[in-house]
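# Inside the fold
One letter stands for each residue in the lines below.
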Amino acid sequence: MKKRALCLLGVAALAAIAATGWAQEAGYPIEIVAPGKGPYTFPAGYQTPWERIQIVVTSKMSPNLFVLHGSEGLDPAHPDASGGRAMALFGPDGVLMVDTENRQVAEKTLQAIRSFTNAPIKVLVNTHIHSDHTGANAFFAKQGAVIFSQENLRTEMVRPPQRGGGQAAPALDMAGVPTATYTYNASAPGQPAVTFTMNGETVDFIPMMPSHTAGDTIVRFRKANVIYIEDFYRNFGYPFADQANGGSIKGMLDAVDLIEKLAGPDTTLIPGHGTLVKKQDLLTYRAMLMDILARVKALRDQGKSLKEVLAANLTAPYDNTTQGDTQQSKDRFITEVYDEVKDFPPIVDGKRTMPAHP
Ligand SMILES: [Zn+2]
């Protein structure tokens, strides 16, 4: 009986939070460096000059919650700002990090953190497996961090999916594999799997449905009124669902809809790339996903080949308002939707065997 009462209180409290949002600290967030807008071009054979890439504090979400990101214009994978955003909550209870940036800039990421705190690195949570978010995991584990993630992310890391083009999976450093894992509960979307109370903040690790990958986590900082929403949403380049790692475009729609419930109107949403947004900014993205899904499905139902669907240039209406709208980004997006609307392979062991396209 007692347990049920507590549970109901929890639901009521969550509803109240969603309805009102939290009061964030006056004067925050502070944006220090905005990501670049492009367009960017790189010569054939260009190699990322990691030694030139800097990691700096790009925004402050509260007096002790900072966002870190890399240099503009050097990294062709993310030319607007190298790497995937990382975050650090710091204070007397130690540092809690969200994601770790690329392996090649691990020392610089630590130096950036050391520019504002000497506290020990204690906790690290990975929002998804991609190397711009987990590349320096082993480095930060050796600094003392315990790594948290969804169980699926750990599985993806230990047993990676087959990649097209005979690409070998990078060598695994077991020190960088998450040791504290949890799973997504489909009967309670939005429920935190882990909650930390430290440095005056309450931090929720919220496992997501298979969306950008099968192992996504969003991270909510209740007091700062901030949610790190990782890569199921993006506003630099077209959407990317890592289908081989269990992601899907339709799952990304579900993820957007969950944010609609979890975030208040003033909650700052921190994507892994692109600009910081509010939940209303997700609506045009959602509408584009729905539109492209419908258009690609109609063409595929008519028996059109992938080549024909790509040639139809379905993203044309969105090119003017989508930064980073390279041909590669468009083609990847449309190919994913094409694969998803018919005969989409099921997730087995957190992964999908995607069809090879010549
Ligand atoms: Zn990313």
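Below is a short write-up of the structure. (Residues numbered from 1 in each chain as written. Predicted model: local features only at pLDDT ≥ 70, side-chain atom pairs only at ≥ 80, totals over all residues. Heavy atoms only, no water.)

## Observations regarding the nonpolar core
Counting residues in hydrophobic clusters, the biggest one holds 38 residues, and the most contacted among them are Phe232, Ile292 and Val296. Listed by contribution, the elements that provide at least two residues to this core are strand S12 (226–230), helix H6 (249–262), helix H7 (282–301), helix H8 (306–311) and helix H10 (327–341). When neighbours within four sequence positions are excluded, valine 296 is seen to be in contact with Val309, Leu314, Ile334, Val337, Tyr338 and Val341. Of all hydrophobic cores here, the second largest spans 24 residues; its members include Ala86, Ile113, Phe116 and Leu124. (Core = buried A, V, L, I, M, F, W, Y, C linked by side-chain atoms within 4.5 Å. Buried < 20%, exposed > 50% of the residue type's maximum accessible area, 1.4 Å probe, protein only. Helix = DSSP H or I, 4+ residues; strand = E, 2+ residues; numbered from the N terminus. Contact = heavy atoms within 4.5 Å.)

## Some remarks on the side chain of histidine 128
Among the structural elements, histidine 128 can be located in the loop between strand S6 (121–125) and helix H3 (131–134). Not counting residues within four places of it along the chain, the set of residues in contact with histidine 128 comprises Asp99, His133, Thr134, Leu153, His212, Thr213, Gly215, Asp216, Glu230 and Asp231.

## What about the sheet that holds strand S7 (residues 146–150)?
With mixed pairing, the 8 strands of this open sheet are ordered in space as S1-S2-S3-S4-S5-S6-S7-S8. Strands at the two margins of the open sheet, each flanked by one partner only, are strand S1 (30–31) and strand S8 (180–182). By the bridge criterion, 2 bridges tie S1 to strand S2 (residues 55–62) in an arrangement that is antiparallel. Paired with glutamate 31 across the two strands is serine 59, which belongs to S2. (Pairing = 2+ DSSP bridges.)

Such coordinate-based values are descriptive only and should not be taken to indicate function.
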